[in-house]
Amino acid sequence: KRPAGWLRRAIEQDFAAPDGYKPPEAVRKEKREIELAQKQVEERKKTIQQTFRQVEKQQAEKERQRALMAGQELEKLRAKYQTSKAEAQAWKGVKEQLEKAYPGSLQVKAATENSHLLSVRDGVATFACMNKFAAQWIGSKLEILVRSQLKEHGLEAQRIKCIVINDPGAAV
């Protein structure tokens, strides 16, 4: 009941410290450990962010190189197939008609933007496609519509052949 008396008795009888009590040195040590751990976490976070930025840069460069190579490959194919201005104009018109027929369709938009008419010879419309997705859509899912639209632009095709750029064995 008297604080001074209680303190004297606590010292003489060696009372245990109250639950949760930590000596000042232990509190300081724990605080230093927490600060060190936080610093290590921040350093690790910075390292991860730097690595992530490097990977993003590398991926962007690879994509740029891939696009450049695809563009070069497309130009080679246009020269090989002697793509005429009339064929290029016809494909432009066909793409517009396809996008009107399927308004808002991301698949049709992706397929048409990634496909290029190379030629229509001997009843075969040959396309260069930037990926297999575009080749599948142009060569099968949209085939009938593509052929009928080509016909409306004066190009008669009984079948469609797709060449996937950078994957010459993947003709569809």
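Small disclaimer: the values here were computed from a predicted structure and weren't measured. (Residues numbered from 1 in each chain as written. Predicted model: local features only at pLDDT ≥ 70, side-chain atom pairs only at ≥ 80, totals over all residues. Heavy atoms only, no water.)

### A word on the overall build of the protein
Here's step 1: A tally of regular secondary structure across the protein gives six helices and three strands.
Here's step 2: Scanning the protein from its N terminus toward the C terminus, one meets helices and strands in the order α-α-α-α-β-β-α-α-β.
Here's step 3: Here the C-alpha radius of gyration of the protein, 35 Å, is well above what a compact globule of 172 residues would show, namely 16 Å.
Here's step 4: Seen along its three principal axes, the alpha-carbon backbone of the protein occupies a region of about 110 × 30 × 25 Å.
Here's step 5: A total of 172 residues make up the protein; the buried ones form 27% of that total.
Here's step 6: Of the contacts formed within the protein by residues at least 6 apart in sequence, a portion of 61% connects residues at least 24 apart. (Helix = DSSP H or I, 4+ residues; strand = E, 2+ residues; numbered from the N terminus. Rg over C-alpha atoms; globule rule 2.2 N^0.38 Å. Buried < 20%, exposed > 50% of the residue type's maximum accessible area, 1.4 Å probe, protein only. Contact = heavy atoms within 4.5 Å.)

### A few points about the packing of helix α3 (residues 85-101) against helix α6 (residues 143-152)
Here's step 1: At a closest axis distance of 9 Å, the pairing of α3 and α6 adopts a crossing angle of 130 degrees. Looking at the two axes, α3 sits oblique to α6. Pair α3 / α6 crosses with right-handed handedness. Contacts between α3 and α6 pair Trp 91, Val 94, Gln 97, Leu 98 and Ala 101 from the former with Leu 145, Val 146, Gln 149 and Leu 150 from the latter.
Here's step 2: Class assignment for the residues of the contact of α3 with α6 results in seven nonpolar, two polar and no charged. (Axes fitted to C-alpha atoms, helices over the stretch in contact; angles between N-to-C directions. Parallel < 35°, antiparallel > 145°, perpendicular 65-115°, else oblique. Left-handed = near helix turned anticlockwise from the far one by under 90°. Nonpolar A, V, L, I, M, F, W, Y, C, P; charged D, E, K, R; others polar.)

### As for the environment of Trp 91
Here's step 1: Turning to its location among the elements, Trp 91 is positioned in helix α3.
Here's step 2: Distance in space between the C-alpha atoms of Trp 91 and Gln 149 is 8.8 Å, their sequence separation being 58 residues.

### Side note on the packing of aromatic side chains
Here's step 1: Taken as a whole, this structure holds three aromatic pairs when the rule is applied.
Here's step 2: Measuring from centroid to centroid gives 6.0 Å for Trp 6 and Phe 15, while their planes differ by 70 degrees, and the two rings are edge-to-face.
Here's step 3: When its relative accessible area of 35% is taken as the criterion, Phe 15 is described as partly exposed.
Here's step 4: Ring geometry for Trp 91 against Phe 127: centres 4.8 Å apart, planes inclined by 70 degrees, an arrangement best described as edge-to-face. Taken as a pair, Trp 91 in helix α3 and Phe 127 in strand β2 (residues 124-129) lie far apart in primary sequence, 36 residues in all.
Here's step 5: On the accessibility criterion, Trp 91 (4% relative accessible area) is buried.
Here's step 6: Judged by its relative accessible area of 0%, Phe 127 falls in the buried class. (Phe/Tyr/Trp six-rings, centres within 6.5 Å; stacked < 30°, edge-to-face > 60°.)

### Focus: the nonpolar core
Here's step 1: Ranked by internal contacts, the top residues of the largest apolar core, which has 23 residues, are Trp 91, Leu 117, Ala 125, Phe 127, Ile 138, Val 146 and Leu 150.
Here's step 2: Listing elements by their share of this core, those giving two or more residues are α3, α4 (106-113), β1 (115-121), β2, α5 (132-141), α6 and β3 (159-164).
Here's step 3: Contacts of Ala 125, omitting those with residues within four sequence positions, involve Leu 117, Ser 119, Val 120, Leu 150, Ala 157, Arg 159, Ile 160 and Lys 161.
Here's step 4: With nine residues, the next largest nonpolar core counts Leu 74, Tyr 81, Ala 128 and Met 130 among its residues. (Core = buried A, V, L, I, M, F, W, Y, C linked by side-chain atoms within 4.5 Å.)

### Observations regarding the pattern of salt bridges
Here's step 1: Under the definition given, this model contains 11 salt bridges.
Here's step 2: Residue Lys 22 is joined to Glu 30 by a salt bridge in which the shortest nitrogen-to-oxygen separation is 2.8 Å.
Here's step 3: For Arg 28, the salt bridge goes to Glu 25, with nearest N and O atoms at 3.1 Å. Here Glu 25 and Arg 28 lie together in helix α2 (residues 24-81), a separation of three residues that amounts to about one turn.
Here's step 4: Judged by its relative accessible area of 44%, Glu 25 falls in the partly exposed class.
Here's step 5: Residues joined by salt bridges that share partners form a network here, namely Glu 25, Arg 28 and Arg 32. (Salt bridge = Lys/Arg side-chain N within 4 Å of Asp/Glu carboxyl O.)

### Looking at the sheet that holds β3
Here's step 1: Reading across the sheet, the three strands line up as β1-β2-β3 and stay open at both edges, with mixed pairing between neighbours. Taken across any chain shown, the strands that pair with only one partner, and hence form the sheet edges, are β1 and β3. Each adjacent strand pair in this sheet contributes to an overall mean axis angle of 25 degrees, direction not counted.
Here's step 2: Bridge count for β1 against β2 is six bridges, and the pairing is antiparallel. Bridging from a neighbouring strand, Val 120 pairs with Ala 125 of β2. (Pairing = 2+ DSSP bridges.)

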